[in-house]
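Architecture and fold: a report
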Amino acid sequence: MAFTSFSDFIAMGGYSFYVWLAYGVSIVSVIALITHSVLTRKKILKQVEQRLQREKRIKAANNREHSL
Amino acid sequence: MWKWLHPYAKAEHSYALAGKLMPWFLVLTIPSFIIGIVWGLAFAPADYQQGDSFRIIYIHVPAAMMAMAAYSTMAIAAFIGLVWQLRLAEMAVAAAAPVGAIYTFIALFTGAAWGKPMWGAWWVWDARLTSELILLFVYMGIIALYNAFSDKVLAGRAASILTLVGVINLPIIHFSVVWWNTLHQGATITKFEQPSIATEMLIPLLIMIFSFATFLGVMILYRFRSELLQREQHRAWVIKLVQIKGRG
Amino acid sequence: MNPRRKKRLLITCSLIFGLSLAMGLTLFALQQNIDLFYTPNEILEGKNETGVKPEIGQRLRVGGMVLTGSVKRDPDSLKVSFDLVDNKAGQVTVYFDGILPDLFREGQGIVAQGTLKSKNSVDAFEVLAKHDEDYMPPEVADAVKGMSNLKTEQ
């Protein structure tokens, strides 16, 4: 362990602002990347699903027209 | 070999393979990230000159290295995609670009936050920093170009060409600190010499590099699968997949 | 390989080759401009390859090692002066009025930006510390002191 206490650890030998800024921004960017990737995938799946349902409805409507 | 590779050139098989590989990369990423970051932040000794500010190295160096590794991967994929007209390779280019861009941004930002207390400036227009900034712009250019076309076949080709154009930047970034007088120091870890960092500081650094590499793998595989779904959305296998998901 | 694929391979390869050639030539032409700084020896004797000497009054950066014992601080203000040396014969005095970076110390690599005041002195408005790629704990650094851990920057 390089630090004697937890407050020592937070202080980072006087460089707390720079160290935590660097680590904080990095973590936030990684989380943003993960979120974006997950949302993109969900969006695509939803789009396909909606398209399929639409096609199903159109098909059903056509069938009804023909049966009349 | 071609016989063995051939099925993976089919979208459905690649989708399944990527899905099988992803958890393995994820299983490697999470523990190595936790161990690496705790070791680097709390257990590695402080540097004799830079004190605790040197701990920024544990994200700066892995991010910079893997940003370049991601680009090399993209360049190889772009080359294969252009010559053999393999759409899957072009999708891999599109999948990797945002991950590489984020890594480059992290490398630049952590570098600035490290440069301010140590060098005395957030930013200096030296050859290393400038070429790294150009890498970020190239990444953003590739992403923008790929999204600018609604015809994804054309988009893939345009993005691949831009990727190959930008590959010249890689040796410039790598050798900038050797070729020119820069404020940025030389490489700490090189393949051929003993690393100029004490062992107890080196081990967590290597763990973090490994973690960034496997996370790069996870993200590329994940985004590659999304890319596949998007571009093959009218194919039977995607429809089947969505229907199964919808029922479950 | 079928002919169409061969053609694409040829086009792609020539694209890469042409671009790297263009880039290589550009960088070669720009070589002295990409260097971030002059070394003290280059200020006195001119650049290594081209022999170009900076003129008095020119804005430039000078990079070198702070000569031990040369740092003179003004007790009433932030004014400071120090000599920069390199691994050749060059020695340049830098005058600076401001806050020095944390890494500034004797024997440290420094890059100063300012104007050339006389043949061998620079009026700096910015002083940046350049560190090397060696990282080690303080105990190790003490142990190797006097060995080659303080490399001159070049």
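Anything mentioned here points back to the structure above.
So, here's what we can say about the structure. Quantities reported herein were computed from a predicted structural model and do not represent experimental measurements.

The rules we used
Residues numbered from 1 in each chain as written. Chains lettered and ligands numbered in written order. Predicted model: local features only at pLDDT ≥ 70, side-chain atom pairs only at ≥ 80, totals over all residues. Heavy atoms only, no water. Helix = DSSP H or I, 4+ residues; strand = E, 2+ residues; numbered from the N terminus. Buried < 20%, exposed > 50% of the residue type's maximum accessible area, 1.4 Å probe, protein only. Contact = heavy atoms within 4.5 Å. Areas by Shrake-Rupley, 256 points an atom, 1.4 Å probe, with all protein chains shown as cover. Lys, Arg positive; Asp, Glu negative; His and termini not counted. Charge placed at Lys NZ, Arg CZ, Asp CG, Glu CD. Buried area = accessible area lost by both parts, 1.4 Å probe. Salt bridge = Lys/Arg side-chain N within 4 Å of Asp/Glu carboxyl O. Polar contact = N/O pair within 3.5 Å; in protein donor to acceptor, adjacent residues only side chain to side chain. Nonpolar A, V, L, I, M, F, W, Y, C, P; charged D, E, K, R; others polar. Expected span 1.5 Å × (residues − 1). Phe/Tyr/Trp six-rings, centres within 6.5 Å; stacked < 30°, edge-to-face > 60°. Lys NZ or Arg CZ within 6 Å of the ring centre and 35° of its normal. Core = buried A, V, L, I, M, F, W, Y, C linked by side-chain atoms within 4.5 Å.

**Describing the overall build of chain C**
If you tally the helices and strands in chain C, you get three helices and six strands. Scanning chain C from its N terminus toward the C terminus, one meets helices and strands in the order α-α-β-β-β-β-β-β-α. The buried share of chain C, reckoned over its 154 residues, is 44%. Residue pairs in contact within chain C that sit at least 24 positions apart in sequence constitute 51% of those at least 6 positions apart.

**Thoughts on the overall build of chain B**
A tally of regular secondary structure across chain B gives nine helices and zero strands. Helices and strands appear in chain B in the N-to-C order α-α-α-α-α-α-α-α-α. Counting only C-alpha atoms and orienting by the principal axes, one finds that chain B spans roughly 60 × 35 × 35 Å. Looking at chain B residue by residue over its 248 residues, the buried ones come to 58%. Accessible surface, chain B: about 10700 Å² in total, of which carbon and sulfur atoms supply 72%. Once the 17 positive and 11 negative side-chain charges of chain B are each reduced to a mean point, those two points are 15 Å apart.

**Let's talk about the interface of chain B and chain C**
Between chain B and chain C, the residue contacts involve 43 residues of the former and 43 residues of the latter. Both sides together, the interface formed by chain B and chain C hides about 3700 Å², and carbon and sulfur atoms give 62% of it. Together, B:Tyr48, B:Gln49 and B:Asn181 form the three largest contributors to the area buried by chain B at its contact with chain C, with a combined 21%. The interface formed by chain B and chain C contains zero salt bridges. Here chain B and chain C share 11 residue pairs in polar contact (both at pLDDT 80 or more) between them. Elements with a contribution of two residues or more to the side of chain B that touches chain C: helix 3 (57–84), helix 4 (87–118), helix 6 (152–166), helix 7 (169–179) and helix 8 (199–231) of chain B. Take the side of chain B that touches chain C: its biggest share by element is five residues, from helix 3 of chain B.

**Let's talk about the interface of chain B and chain A**
With 44 residues of chain B at the contact, the number on the chain A side is 32 residues. Of the roughly 3400 Å² buried between chain B and chain A, counting both surfaces, carbon and sulfur atoms make up 75%. Its largest share of buried area at the contact with chain A, chain B owes to B:Leu41, B:Tyr222 and B:Val242, together 16% of the area lost on that side. There are zero salt bridges connecting chain B and chain A. Linking chain B with chain A are seven residue pairs in polar contact (both at pLDDT 80 or more), by the criterion used here. Secondary-structure elements contributing two or more residues to the side of chain B that touches chain A are helix 2 (11–43), helix 3, helix 4, helix 8 and helix 9 (236–247) of chain B. Looking at the side of chain B that touches chain A, the element that brings in the most residues is helix 4 of chain B, giving 11 residues. Of the residues contributing to the side of chain B that touches chain A, the split by class is 29 nonpolar, nine polar and six charged.

**Examining helix 3 of chain B**
Between the first and last C-alpha of helix 3 of chain B there are 40 Å, a value that for 28 residues agrees with the 40 Å anticipated at 1.5 Å per step. Most of helix 3 of chain B is tucked away, with 20 of its 28 residues classed as buried.

**Examining the packing of aromatic side chains**
All told, the structure shown has 17 aromatic pairs over all chains when counted by the stated rule. Between B:Tyr71 and B:Tyr139, the ring centres sit 5.4 Å apart and the planes meet at 70 degrees, which makes this aromatic pair edge-to-face. Taken as a pair, B:Tyr71 in helix 3 and B:Tyr139 in helix 5 (residues 127–148) lie far apart in primary sequence, 68 residues in all. B:Tyr71 sits in the buried class, given a relative accessible area of 0%. Ring centres of B:Trp123 and B:Trp125 lie 5.4 Å apart, and the angle between their planes is 80 degrees; this geometry places the pair in the edge-to-face category. Relative accessible area serves as the criterion here: at 29%, B:Trp123 is assigned to the partly exposed category. The structure contains a cluster of three or more aromatic residues connected by ring pairs, namely A:Phe3, A:Phe6, A:Phe9, A:Trp20 and A:Tyr23. The ring centre of B:Tyr222 lies 5.9 Å from the NZ or CZ of A:Arg41, which sits over that ring. We note C:Lys117 situated over the ring of C:Tyr95; from NZ or CZ to the ring centre the distance is 4.1 Å.

**A short note on the nonpolar core**
Counting 102 residues, the largest nonpolar core has B:Ile57, B:Tyr58, C:Phe82 and C:Val127 as its most contacted members. The greatest single-element share of this core, amounting to 16 residues, is contributed by helix 3 of chain B. If you look at the next biggest cluster of nonpolar residues, it comprises 21 residues, including B:Ala11, B:Leu221, B:Phe224 and B:Val242.

**Brief notes about the pattern of salt bridges**
Residues and elements named next belong to chain B. In the structure shown here, the tally under the stated rule is four salt bridges over all chains. Across the salt bridge formed by Arg55 and Asp52, the nearest N and O atoms sit 2.9 Å from each other. Across the pair, exposure class does not vary: Arg55 and Asp52 are buried alike. Between Glu232 and Arg87 there is a salt bridge, with the nearest N and O atoms lying 3.3 Å from each other. In this pair, Glu232 is assigned in the loop between helix 8 and helix 9 and Arg87 in helix 4, connecting sequence segments 145 residues apart. The exposure class of Glu232 is buried, given its relative accessible area of 3%. The class for Arg87 is partly exposed, based on a relative accessible area of 35%. What you see here is one network of salt bridges that share partners, running through Arg87, Glu232 and Arg235.

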